[in-house]
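Observations on chain architecture
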Amino acid sequence: TFTTGIVSRLDSQRGSIQHDAAINPGNSGGPLLNSDAELIGVNTAIFTGGQSQGNIGIGFAISVSRVQSFLASVR
């Protein structure tokens, strides 16, 4: 499943991308693609508010340039 969204922030120090593409709980880890279908990140988290566990329009992805080092750290 693909959704559309807008990148709202690039954090080059942390290697993260903030966007508004819909990501549902338990559904993170999917690819974040640009308009040319190129992989730019891996979705990792959503911001939820209050008691709601659903997406409120703020998602975060690890930049593709940081994926290998992230995986090495997790291992």
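Report on the accompanying structure. (Residues numbered from 1 in each chain as written. Predicted model: local features only at pLDDT ≥ 70, side-chain atom pairs only at ≥ 80, totals over all residues. Heavy atoms only, no water.)

With that settled, the discussion passes to the overall build of the chain. Looking only at helices and strands, the chain has 1 helix and 5 strands in total. Along the chain, helices (α) and strands (β) appear in the sequence β-β-β-β-β-α when read from the amino end. For the chain, the proportion of its 75 residues judged to be buried stands at 19%. Just so you have it, the chain exposes about 5,400 Å², and 51% of that area is on carbon and sulfur atoms. (Helix = DSSP H or I, 4+ residues; strand = E, 2+ residues; numbered from the N terminus. Buried < 20%, exposed > 50% of the residue type's maximum accessible area, 1.4 Å probe, protein only. Areas by Shrake-Rupley, 256 points an atom, 1.4 Å probe, with all protein chains shown as cover.)

A few words on the side chain of serine 63. With respect to the secondary-structure elements, serine 63 resides in strand 5 (residues 59-63). For serine 63, a relative accessible area of 16% translates into the label buried. Every residue in contact with serine 63, bar those within four places of it in the chain, is listed here: Gly15, Ser16, Ile17, Ile40 and Gly41. (Contact = heavy atoms within 4.5 Å.)

With that out of the way, let us pick up the side chain of aspartate 11. Checked against the element boundaries, aspartate 11 lands in strand 1 (residues 7-11). A distance of 3.2 Å separates a polar side-chain atom of aspartate 11 from the backbone nitrogen of glutamine 13. A polar contact is formed between the side chain of aspartate 11 and the backbone nitrogen of arginine 14, at a distance of 3.1 Å. (Polar contact = N/O pair within 3.5 Å; in protein donor to acceptor, adjacent residues only side chain to side chain.)

Now for unusual backbone geometry. With a phi angle near 65 degrees, alanine 37 is a residue other than glycine that sits in the positive phi range. As for its position among the elements, alanine 37 is in the loop between strand 3 (31-33) and strand 4 (39-46).

What follows covers the pairing of strand 5. The element strand 5 is extensively covered by neighbouring structure, given that 4 of its 5 residues are classed as buried. As judged from the 4 bridges shared by strand 2 (residues 16-19) and strand 5, these two strands associate in the antiparallel manner. Bridge assignment links isoleucine 17 to a residue of strand 5, and that residue is alanine 61. Judged from the 5 bridges that link them, strand 4 and strand 5 form a sheet pairing that is antiparallel. The residue bridging glycine 41 from the neighbouring strand is serine 63, located in strand 5. (Pairing = 2+ DSSP bridges.)

Sheet architecture is open: 5 strands sit in the order 1-2-5-4-3, paired in antiparallel fashion. For this open sheet the edge positions go to strand 1 and strand 3, each flanked by a neighbour on one side alone. Averaged over all pairs of adjacent strands, the angle between strand axes in this sheet comes to 35 degrees, irrespective of strand direction. As defined by bridge partners, strand 1 adjoins strand 2 across 4 bridges and the pair is classed as antiparallel. Bridge pairing in strand 2 places valine 7 opposite histidine 19. (Axes fitted to C-alpha atoms, helices over the stretch in contact; angles between N-to-C directions.)

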